[in-house]
Number of protein chains: 2
Amino acid sequence: MLQLRSPPPATSSPSSAVSLSTLAPRLLPLRRRCRGAGTPLGGKTSSAVRASSAAPGATESEVVVEVAHREVARELASLAEARLGARLLPSAVPPDVAEFRSGGAGNAVGSLDVRRGAPGSTIDFMLQSSLHCKVPNGAIDITSLLIFLNASTDAPHFLMEFIQGSPTSIVVLLDLLPRKDLALHPEYIERYYENTQVDKQREKVEELPQARPYRSQSLFVRSTFSLTAILMSIDCGQGGEGTLEEIVRGQLATAASALLQIWLDSCADHTSEMEEGERENMIKRDQIVRSKSIEVDLTSNLPRMFGPDVADRVIAEIQKAFGVQEAKH
Amino acid sequence: MLQLRSPPPATSSPSSAVSLSTLAPRLLPLRRRCRGAGTPLGGKTSSAVRASSAAPGATESEVVVEVAHREVARELASLAEARLGARLLPSAVPPDVAEFRSGGAGNAVGSLDVRRGAPGSTIDFMLQSSLHCKVPNGAIDITSLLIFLNASTDAPHFLMEFIQGSPTSIVVLLDLLPRKDLALHPEYIERYYENTQVDKQREKVEELPQARPYRSQSLFVRSTFSLTAILMSIDCGQGGEGTLEEIVRGQLATAASALLQIWLDSCADHTSEMEEGERENMIKRDQIVRSKSIEVDLTSNLPRMFGPDVADRVIAEIQKAFGVQEAKH
C-alpha cells in the first residue's frame, strides 16, 4: 500500500536494491492545470500536486506536474466518489496534510485526501495520495487510490497505485486485496476472483510486450496481494514517452476502470455473515497488513523525501485512516 | 500438486485452455536405462517409467523414456532419501500402482512411490511420481517430488514438479509450500523465506531469457504457492532441444537442489510449538490444499490418460498418502 519504494530501473535485476538516488528520470514538463466545471471533482483541489517550481508565467499555485497516470487516477476516484455518494463522509484531512512539501530545497510535493465511510456503510475509508519528488535527473511520481472496507464485510479492499520513475516507464499495482487466507477459503476465491473474472484484466495487461512482472522487494508486501493482482512494470524504452502515455490512458486505464467497476459491483455493498472468531481473525489480519505496510512503505521512505516533520504529520494521518498504532521510525 | 494440467504451448495466451490433445511434442528417443551401483538408489526401480514400446533390441523392462528432468528429479530424490534416512519408512505402494499403464492402446505409463514418515519424525510422506503419455505428435512427461511434513511442525512442505510438453519447452514448479496464511504471519515469512534467502533461486531462474512466468489455470492452485515460488515456463523455441537440456541440467537442477537443501536444513527437522487452535487451523488448511489439489489436478486428468480403473487405483493411493477422503470424480 502506498508503495513508496522506488520502481526498479527496467534493466536492473529483480534482486537489486533501488534507492531514490539511483533513478535518473527526466523532469516532466509542468503544465497548467485546467480543471473545467465539467469534471466531477472540478472544485476539489486537495488531491492535486502542485509543483515546487513553476512553469514560466505561471504562479506556484497554478501549476501541477501532470502525468497521464494522475489524470487516470483522478477520474477513477471521481467515479468511485460518484457511485459511493453519501457513503463517504467529507474529507477530514488538515490543510497541512492535504497538501505538503519538503522543507529546504523543496524538491518534493505531495497531497493526501482521506474520506471516512459513513456510519452504517461498509466503507472504512477512501484514500487518495499523490507524490512528486525531484531526483537529480528527473522526478518520481506516485499516485495511490485505496478504498478499504470495514469489518461488516469480508469483501476485498480496492487498491490502485502507479509509480512512475521516468517518462518512459511505470509500475502499476492493481488489486482486490484479499482479507482471508485464500488457500483456506476456496469459496472466497470463487466468489470474488473467479465469478468476477477479474483475472482477465491481468491477462490483458500482461500481454503488452512492454510489460514485465513487478515484484516488491518486501516478501511481506507480496504476500498481501491476491492471485489475480496486476503487478507489472511497463518499460517503453528510449523515446517511448508517447507509447507509455498511450498505454497508461489505454490498457492501464481500462484495466483499472474494470477492476474498480468489479469492486463497486461485487465488493463495496456486500455485508458478510461471519462467526465472531472468523471476524476477529479478519480484523487481526487487516491490522497486520495495514501496520506492516505503513512500516515497510512509509516510515522508511517518507522522511527521506519530505523530512521528518512533514513525514510525521502525513504518516500520522494515514495511520488514523488505517486505524493502526504509530509505527516505529 | 501433481500438476497434471498440461503446460501451455509457449505461444499461447496465458488464458487459453490447453488439453492434452493440443500439445504436439515429438517422442523423445528411448534410451537404455543403466543405473550403476554408484548411484545412491541403484537398486530402486519403482520410480522409473518403463516405456510401452521398446527401442530396437531392448526388452520392455530394460527401457525407459529418459528425459533430463527425470534424471534430475531422481538424483534429488536420492539426495533427500540419503539425508532423511530412517525417518522414511520403506515404500508401501502395491505393485500395480508402483508401475501402471493405460489399457488398450497403452499410450501412457506411470510410476508412483510413496514412503511414509517414521513414527516420531516430522515427515508425513515423500511421494515421487513419473508419468509419460503419448499424444498424437509426441509425448508429455511429468515428474513430481513432494515431501510433506506432519502436524508436529508448521514448516513448509517441499514441492518440485517438471511438466515437459515438448523437447524444447518445460514448466517447472518449485516451492516451499507454506502452511500458514502468510499475510497474518510475517514471522513465518521471515523464518522460512527471508532468512533462507530462497528468493534468490527464483531470481536466477527468472533471469533466463527463455523463462516466462507460469500461472496455473486454477486460481486455487495459485493461492497455495509461496511468494517465492519458482513457477516458470521455459521455452527454447525451434531447434532448442540442446539448450533446454542444458538449462534443465544447469540452472533448473541448481535451483531445485538449492531449494531442497534449504528445505532439508531449515524445515525438515524443525518441530514447532503451536497453540492447539493454531495447529487445528493448520491441519484444516493442509487438508483443503491436499483435497483440492487432487480434485483439480488428478481426478480431472488421470482418467483421461490412464482410463478410469488405473486412475482410481493411483488416485486412491495418493489420497492415502495425502490423508484425505476420496474426491468426487
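About the thresholds
- Residues numbered from 1 in each chain as written.
- Chains lettered and ligands numbered in written order.
- Predicted model: local features only at pLDDT ≥ 70, side-chain atom pairs only at ≥ 80, totals over all residues.
- Heavy atoms only, no water.
- UniProt positions renumbered as here; feature names shortened; annotations may be inferred.
- Helix = DSSP H or I, 4+ residues; strand = E, 2+ residues; numbered from the N terminus.
- Contact = heavy atoms within 4.5 Å.
- Buried < 20%, exposed > 50% of the residue type's maximum accessible area, 1.4 Å probe, protein only.
- Salt bridge = Lys/Arg side-chain N within 4 Å of Asp/Glu carboxyl O.
- Arc of directions from axis to C-beta.
- Pairing = 2+ DSSP bridges.
- Least-squares fit on C-alpha atoms with pLDDT ≥ 70 in both.
- Axes fitted to C-alpha atoms, helices over the stretch in contact; angles between N-to-C directions.
- 1 Å grid on protein atoms, 1.4 Å probe; cavity = no way out; pocket = protein on both sides within 12 Å on 5 of 7 lines; lining within 4 Å.
- Points joined across faces, edges and corners; volume = space filled by probe spheres on them.
- pLDDT = per-residue confidence, 0-100.
- Expected span 1.5 Å × (residues − 1).
- Phe/Tyr/Trp six-rings, centres within 6.5 Å; stacked < 30°, edge-to-face > 60°.
- Lys NZ or Arg CZ within 6 Å of the ring centre and 35° of its normal.
- Nonpolar A, V, L, I, M, F, W, Y, C, P; charged D, E, K, R; others polar.
- Buried area = accessible area lost by both parts, 1.4 Å probe.
- Polar contact = N/O pair within 3.5 Å; in protein donor to acceptor, adjacent residues only side chain to side chain.

- Per an unreviewed UniProt entry, chain A is named red chlorophyll catabolite reductase, and its organism is Oryza glaberrima.
- The Pathway (unreviewed entry) comment attached to chain A in UniProt states, word for word, "Porphyrin-containing compound metabolism; chlorophyll degradation."

Brief notes about the side chain of Ser226(B)
Step number 1: As for its position among the elements, Ser226(B) is in the loop between α5 (219–224) and β10 (230–235).
Step number 2: Leaving out residues up to four positions away in the same chain, Ser226(B) has contacts with Asp175(B), Leu176(B), Pro178(B), Leu182(B) and Tyr193(B).

Topic: unusual backbone geometry
Residues and elements named next belong to chain A.
Step number 1: Here the phi dihedral of Gln197 falls at roughly 55°; this positive angle occurs in a residue that is not glycine.
Step number 2: Counting through the fold element by element, Gln197 comes out in the loop between α3 (186–194) and α4 (199–206).
Step number 3: The partly exposed category is assigned to Gln197, whose relative accessible area is 46%.

Points about the environment of Val135(B)
Residues and elements named next belong to chain B.
Step number 1: With respect to the secondary-structure elements, Val135 resides in strand β5 (residues 123–135).
Step number 2: The class for Val135 is buried, based on a relative accessible area of 10%.
Step number 3: Once the C-alpha coordinates of Val135 and Gly165 are considered, the two residues, 30 residues apart in sequence, prove to be 9.7 Å apart.

Quick notes on the pattern of salt bridges
Think of it this way: side chains of opposite charge can pair up when their charged atoms draw near.
Step number 1: In total, this model carries 38 salt bridges over all chains according to the counting rule given.
Step number 2: The residue Arg249(B) makes a salt bridge to Glu245(B) at a minimum N-O spacing of 3.1 Å. Of this pair, Arg249(B) and Glu245(B) both sit in helix α6 (residues 241–266), four residues apart, which is roughly one turn of the helix.
Step number 3: Residue Glu245(B) is classed as partly exposed on the basis of its relative accessible area, which comes to 32%.
Step number 4: One continuous salt-bridge network, built from bridges that share partners, spans Arg116(A), Asp124(A), Arg179(A), Asp286(A) and Arg290(A).

As for helix α3 (residues 186–194) of chain B
Step number 1: Those residues of α3(B) lying buried are Pro186(B), Tyr188(B), Ile189(B), Tyr192(B) and Tyr193(B). In a view along the axis of α3(B), the buried residues occupy a sector of 145°, so they form one face of it.

Thoughts on the pairing of strand β4 (residues 108–116) of chain A
Residues and elements named next belong to chain A.
Step number 1: Among the nine residues of β4, eight are classified as buried, and the element is accordingly described as predominantly covered.
Step number 2: For strand β3 (residues 99–101) and β4, the ladder comprises three bridges, and the chain directions are antiparallel. The partner of Phe100 across the bridge, within β4, is Gly110.
Step number 3: Where β4 and strand β5 (residues 123–135) come together, nine bridges link them in antiparallel fashion. In the strand pairing of β5, Ser111 is matched with Ser130.

What to know about the relation of the copies chain B and chain A
Step number 1: Take chain B, turn it by 180°, move it 0.0 Å along the axis, and it overlays chain A with an RMSD of 0.0 Å. When the rotation and shift are considered jointly, the pair of chain copies conforms to a two-fold rotation axis. Using C-alpha coordinates, one finds that chain B approaches the rotation axis most closely at Asp181(B), a distance of 2.6 Å.
Step number 2: The share of interface residues of chain B whose copies in chain A are also at the interface is 100%, consistent with both copies meeting through the same surface.

Structural notes on the sheet that holds strand β9 (residues 211–213) of chain A
Residue and element names in this part refer to chain A.
Step number 1: Strand order across the open sheet formed by eight strands is β3-β4-β5-β6-β7-β8-β10-β9, with antiparallel pairing between neighbours. Two strands bound the open sheet, and with one partner strand each, they are β3 and β9. Between one strand axis and the next, the sheet turns through 15° on average, direction left out of account.
Step number 2: Against the sheet, α4 contacts β9 and β10 (230–235), and its axis sits at roughly 15° relative to β10.

Some details on empty space enclosed by the protein
Step number 1: Inspection of every chain in the model, using the stated rule, returns 10 cavities of 30 Å³ or more.
Step number 2: Computed from the structure, the largest cavity encloses a volume of approximately 790 Å³.
Step number 3: As for the largest cavity, its lining consists of 40 residues, and the residues nearest its centre are Ser226(A), Leu227(A), Arg222(B), Ser226(B) and Leu227(B).
Step number 4: Of all elements in the fold, only α4, α5 (219–224) and β10 of chain A together with α5 and β10 of chain B reach the threshold of two or more residues within the lining of the largest cavity.

Looking at the confidence of the model for chain A
All names here are of chain A.
Step number 1: Summary statistics for chain A give a mean pLDDT of 81 and a share of 78% for residues scoring 70 or more.
Step number 2: Of all the helices and strands in chain A, strand β1 (residues 31–32) carries the lowest mean pLDDT, 28, while β10 carries the highest, 98.
Step number 3: Here residues 5–64 is modelled with pLDDT under 50, and outside its nearest four sequence neighbours on either side it reaches 141 contacts, counting other chains as well.

Quick notes on helix α8 (residues 308–322) of chain B
Residue and element names in this part refer to chain B.
Step number 1: With 15 residues, α8 should cover 21 Å at 1.5 Å per step; its first-to-last C-alpha distance of 20 Å lies within 8% of that length.
Step number 2: What α8 keeps buried is the set Val310, Ala311, Val314, Ile315, Glu317, Ile318, Gln319, Ala321 and Phe322.
Step number 3: The inward-facing, buried residues of α8 abut α2 (95–98), β3 (99–101), β4 (108–116), β5, β6 (138–149) and α7 (276–306).
Step number 4: Directly beyond the C-terminal end of α8, a positive phi value near 65° is found at Gly323.

A few points about the packing of aromatic side chains
Residues and elements named next belong to chain A.
Step number 1: Tallied over the entire structure, the rule returns 14 aromatic pairs over all chains.
Step number 2: With a centroid separation of 6.2 Å and an interplanar angle of 50°, the aromatic rings of Phe158 and Trp263 are classed as tilted. Residue Phe158 is found in strand β7 (residues 157–166), and its partner Trp263 is found in helix α6 (residues 241–266); the two are separated by 105 residues along the sequence.
Step number 3: Given a relative accessible area of 0%, Phe158 falls into the buried group.
Step number 4: On the basis of relative accessible area, Trp263 is assigned to the buried category, the value being 0%.
Step number 5: With a centroid separation of 6.4 Å and an interplanar angle of 45°, the aromatic rings of Tyr188 and Tyr193 are classed as tilted. Both residues of the pair, Tyr188 and Tyr193, belong to the buried class.
Step number 6: Members of the aromatic cluster, each reached through a chain of ring pairs, are Phe125, Phe148 and Phe322.
Step number 7: One cation-aromatic arrangement involves Lys292 over Phe220; the distance from NZ or CZ to the ring centre is 5.8 Å.

Some thoughts on the layout of surface pockets
The gaps of empty space that remain are located by a probe, the size of a water molecule, rolled over the atoms.
Step number 1: Estimated volume of the second largest pocket: approximately 660 Å³.
Step number 2: Around the second largest pocket sit 25 residues that line it, and Leu184(A), Gly277(A), Asn281(A), Leu184(B) and Asn281(B) are the ones nearest its centre.
Step number 3: Among the elements that line the lining of the second largest pocket, the one with the most residues is helix α7 (residues 276–322) of chain A, at seven residues.
Step number 4: Here the lining of the second largest pocket is composed, by residue class, of four nonpolar, six polar and 15 charged.

What to know about the interface of chain B and chain A
Step number 1: At the interface, 32 residues of chain B touch 32 residues of chain A.
Step number 2: Between chain B and chain A the total buried area reaches about 2800 Å² when both faces are included, carbon and sulfur atoms providing 60% of it.
Step number 3: When the buried surface of chain B facing chain A is broken down by residue, Ala183(B), Leu184(B) and Leu219(B) rank first, second and third, together holding 22% of it.
Step number 4: There are six salt bridges connecting chain B and chain A.
Step number 5: Counting the contacts that link chain B with chain A gives eight residue pairs in polar contact (both at pLDDT 80 or more).
Step number 6: The leading source of residues in the side of chain B that touches chain A is α7(B), at six residues.
Step number 7: Grouping the constituent residues of the side of chain B that touches chain A by class yields 13 nonpolar, six polar and 13 charged.

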